Amino acid sequence: MCCVLRMEYVYATRNTQHAITMFEFRYLQPYDAEAAADIHIEGQPGTVLTLLGHRFLVELYRAVAGSEWGAGIGVFEDGTLVAQTAMAVSSKKFFTEFKRKYLWRIAIPVAWAIVCRPQIISHIIKGWSYADQTSSPEREGDVIFLGVKKSHLRSGLGPELVNYMFGWADSIGLVSANLMIEKRNRPIRWMIGRLNDLRIAHEFEAYGRQMLFYKVPIHANLQEAKLPHGEPFCPAHNYHLSQSGKMV
Ligand SMILES: CC(C)(COP(=O)(O)OP(=O)(O)OC[C@H]1O[C@@H](n2cnc3c(N)ncnc32)[C@H](O)[C@@H]1OP(=O)(O)O)[C@@H](O)C(=O)NCCC(=O)NCCS
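This brings us to the site of the ligand. In the region of the ligand, 19 residues are neighbours, and Gly43, Gly147, Gly158, Pro187 and Trp190 sit closest. Sorting the residues of the shell around the ligand by element identifies strand 5 (140-148), helix 8 (157-171) and helix 9 (186-192) as the ones contributing at least two each. Residue composition of the shell around the ligand, grouped by class: 11 nonpolar, seven polar and one charged.

In this structure, Arg117 sits in the loop between helix 5 (91-116) and helix 6 (121-127). Note: C-alpha distance between Arg117 and Leu51 (66 residues apart in sequence) is 8.3 Å.

Between helix 4 (residues 54-66) and helix 5, whose axes approach to 9 Å, the crossing angle comes to 165°. Between helix 4 and helix 5, the angle falls in the class roughly antiparallel. Judged by the sense of rotation from one axis to the other, the crossing of helix 4 with helix 5 is right-handed. On helix 5, the residues that touch Arg55, Phe56, Glu59 and Ala63 of helix 4 are Phe98, Tyr102, Arg105, Ile106, Pro109 and Val110. Among the residues forming the contact of helix 4 with helix 5, the class breakdown is seven nonpolar, no polar and three charged.

Among all positions in helix 2 (residues 33-43), only Ala33, Ala36, Ala37, Ile39, His40 and Gly43 are buried. Buried residues of helix 2, viewed axially, fall in a sector of 160°; they line one side. Where helix 2 is buried, its residues contact helix 3 (48-51), helix 4, strand 3 (70-77), strand 4 (80-88) and strand 5.

One non-glycine residue with positive phi stands out, namely Arg154, at about 55°. Relative to the helices and strands, Arg154 resides in the loop between strand 5 and helix 8. On the neighbour-count criterion, Arg154 (12 C-beta atoms within 10 Å) is exposed. The backbone of Asp197 sits at a positive phi, close to 60°, despite the residue not being glycine. As for its placement among the helices and strands, Asp197 is situated in the loop between helix 9 and strand 7 (199-206). Judged by the 10 C-beta atoms lying within 10 Å of it, Asp197 falls in the exposed class.

Rules used in this analysis
- Residues numbered from 1 in each chain as written.
- Predicted model: local features only at pLDDT ≥ 70, side-chain atom pairs only at ≥ 80, totals over all residues.
- Near = placed C-beta within 6 Å.
- Helix = DSSP H or I, 4+ residues; strand = E, 2+ residues; numbered from the N terminus.
- Nonpolar A, V, L, I, M, F, W, Y, C, P; charged D, E, K, R; others polar.
- Axes fitted to C-alpha atoms, helices over the stretch in contact; angles between N-to-C directions.
- Parallel < 35°, antiparallel > 145°, perpendicular 65-115°, else oblique.
- Left-handed = near helix turned anticlockwise from the far one by under 90°.
- Contact = placed C-beta atoms within 7 Å.
- Buried ≥ 20, exposed ≤ 12 C-beta atoms within 10 Å, placed from the backbone.
- Arc of directions from axis to C-beta.

Below, the structure is given as structure tokens:
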């Protein structure tokens, strides 16, 4: 019985190097923020969020785990985080809350990043209105990051993490997962290229890079969907219920 229960939330990769390794997929907690920031920095070198530094990213991931408007899912191998994704259930609400609640914690890391690289200041000003760039309406979640540790790439963890993200997103009534991706980032484009009915909503330049904004419908991609293990530190907003508690 115990083994059966465990198999519900663990996953063995297809790669021979990790063939006998079992992975647990669970919600990120605030104490996972340091490890989540490390994976972000490794996976997205040179991007604005990474240039804002480790301290900034730790606060961002703490906020993701602790907000009604965000959530993260991690893949753990023997308790070590090896892949993670973070999503804003509503970018507008999440980033408004992040700026309000975390400003005093991120002010020094951001100021230091600007001292080290003054050229990023224009990107920071643009990034300050991230929600305006995505313009995702309610019920459309924005993927802030999805990445796998270098040591675990090409093991099938990325696509499986997407299955968990979609299972969770559907459970709270999201209809679309939106991803802002750099055009030259081929691995992620190849990976999501397999999903059903995805479309490029727009192409634009941001942070000095050519970006694509993908929208992936959740309903069309639930064949392999699963729910992460454990409980989120702060449950995400549930769009199934209206304010009066009625199903909508
Ligand atoms: C994108 C990313 C998450 C993919 O994760 P992954 O676990 O390595 O994904 P997989 O390779 O198992 O993905 C499945 C498919 O995507 C394609 N793919 C992924 N990386 C590829 C690469 N470098 N070359 C060719 N195809 C690739 C393949 O079709 C692959 O299937 P296959 O292995 O059966 O051929 C990973 O490359 C990553 O963490 N990148 C850095 C972070 C990042 O840029 N994130 C996106 C922006 S938020």
